[in-house]
Amino acid sequence: MASAVVPPLGIRALVVLAAATWIVAVAGAAAFPWAFPVLVLVIVLPLVLAIPHLDRTTLVPLLAGGLLTLAVAGAVALGNDDGGLIADIEDEAEIVVVTLGLVVFGALIAVTIRRSNAAHRQVADAAIRLGGQVAESRRRLVQTADAERARLERDLHDGAQQQLVALGIDLRRIAGKAGRGDDVSADLAATVGALDDAIAEVRALAHGIYPPLLEVRGLPDALTAAARRSANEVEVHVGDVGRFARDIEAALYFCAVEALANSDKHAPGTTVQLSLARSDGDVVLRVADHGTFAGGDEGRGVTNMRDRVEALDGAFAFGGGSHGTTMVASIPIGVDP
């Protein structure tokens, strides 16, 4: 948001303001009853201030207090008529004073309503923008999931599935040779090798879905292993942060893998800093290198990282300058023990 919205007034502050204003209004009705039309606006002003900030349960007593004050001030003004604690003034002067008072307080109320409406519009616009961002993020996540499913289907069909079909054909051929009494030892050895290749490909696909090391050992070991696979030297600082929910661990792991891949591509030969720590109820992942980030539009990899983190109500930052590029992903996990 471009500017901050002033937080709503507290209930106690509104009650104190209303009480003080109404006491002044009743005293004013006793002092100069001829100014009662102006005092009506004085009594109404706290209600105008209160309406945007209070719910119905709290607002009803305040409205009742305003009506009671109007009745009391009106009775005092009518009872004094042209008397009062302050001597009456000429009718022409009364008209001028009352008119000016009405204009001033009317303008004050109008400004108050306008500012309140502007603040509410600002909040509504921010909510609309946030809703649009969330919807766009979810749309991208769905598209990414669909694309990933299509990729897995294609990889399985073109790779492991074809290998397994070929293995089935080979095994039937070997069974036929064995039935005829032929030597099948060489064929079996080749088939076992092909089977090992198929198993390795299936494992690679499974690792792309959810790494077994992450499933079994958690983020510290999985991040350390990912760092070892990087082409750059990676200094890992993760410590014993414990385990988190599966989706949190997956989001942070794949963000780290993507960030390390970016470093390999855009900052080859540099030392990368990778850290993971708990901080104020969040788990924070940070990957920094000495590569240059020119800014502008984010690539698909950065967008995917952002979507993973923001889908878990986290905060994501990626950027830098001529001295290095940093990715920070922070996801809430609750209050630290």
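Residues numbered from 1 in each chain as written. Predicted model: local features only at pLDDT ≥ 70, side-chain atom pairs only at ≥ 80, totals over all residues. Heavy atoms only, no water.

Caption draft 1: How the structure looks around the pairing of strand E2 (residues 271-279). Relative to E2, strand E1 (residues 233-237) runs parallel, the two sharing five bridges. Its bridge partner lying in E2, Val234 is registered against Val272. This β-α-β element, E1 to helix H8 (residues 246-266) to E2, shows left-handed connectivity. Bridge count for E2 against strand E3 (residues 282-289) is seven bridges, and the pairing is antiparallel. (Pairing = 2+ DSSP bridges. Helix = DSSP H or I, 4+ residues; strand = E, 2+ residues; numbered from the N terminus. Right-handed = clockwise from strand over helix to strand, strands pointing away.)

Caption draft 2: Summary view of unusual backbone geometry. Of note in the backbone geometry, Asp280 takes a positive phi value of approximately 50° without being a glycine. With respect to the helices and strands, the residue Asp280 is situated in the loop between E2 and E3. Residue classification places Asp280 among the exposed residues on the basis of a relative accessible area of 77%. Its identity as a non-glycine residue notwithstanding, Asp313 has a phi of 65°, on the positive side. Structurally, Asp313 can be placed in the loop between helix H9 (300-310) and strand E4 (315-321). (Buried < 20%, exposed > 50% of the residue type's maximum accessible area, 1.4 Å probe, protein only.)

Caption draft 3: Focus on helix H7 (residues 219-229). Buried within H7 we find Leu219, Pro220, Ala222, Leu223, Ala225, Ala226 and Ala227. Buried-residue contacts for H7 involve helix H6 (212-217), E1, H8, E2 and E3. (Contact = heavy atoms within 4.5 Å.)

Caption draft 4: Geometry of the pattern of salt bridges. Applying the stated criterion to the full structure yields seven salt bridges. Note that Asp187 and Arg173 form a salt bridge whose closest N and O atoms lie 3.7 Å from each other. Of this pair, Asp187 sits in helix H5 (residues 185-209) while Arg173 is found in helix H4 (residues 91-179), placing the two residues 14 residues apart along the sequence. For Arg180, the salt bridge goes to Asp182, with nearest N and O atoms at 3.6 Å. Residue Asp182 is classed as partly exposed on the basis of its relative accessible area, which comes to 35%. When salt bridges that share partners are traced, they join Arg173, Lys177 and Asp187 into one network. (Salt bridge = Lys/Arg side-chain N within 4 Å of Asp/Glu carboxyl O.)

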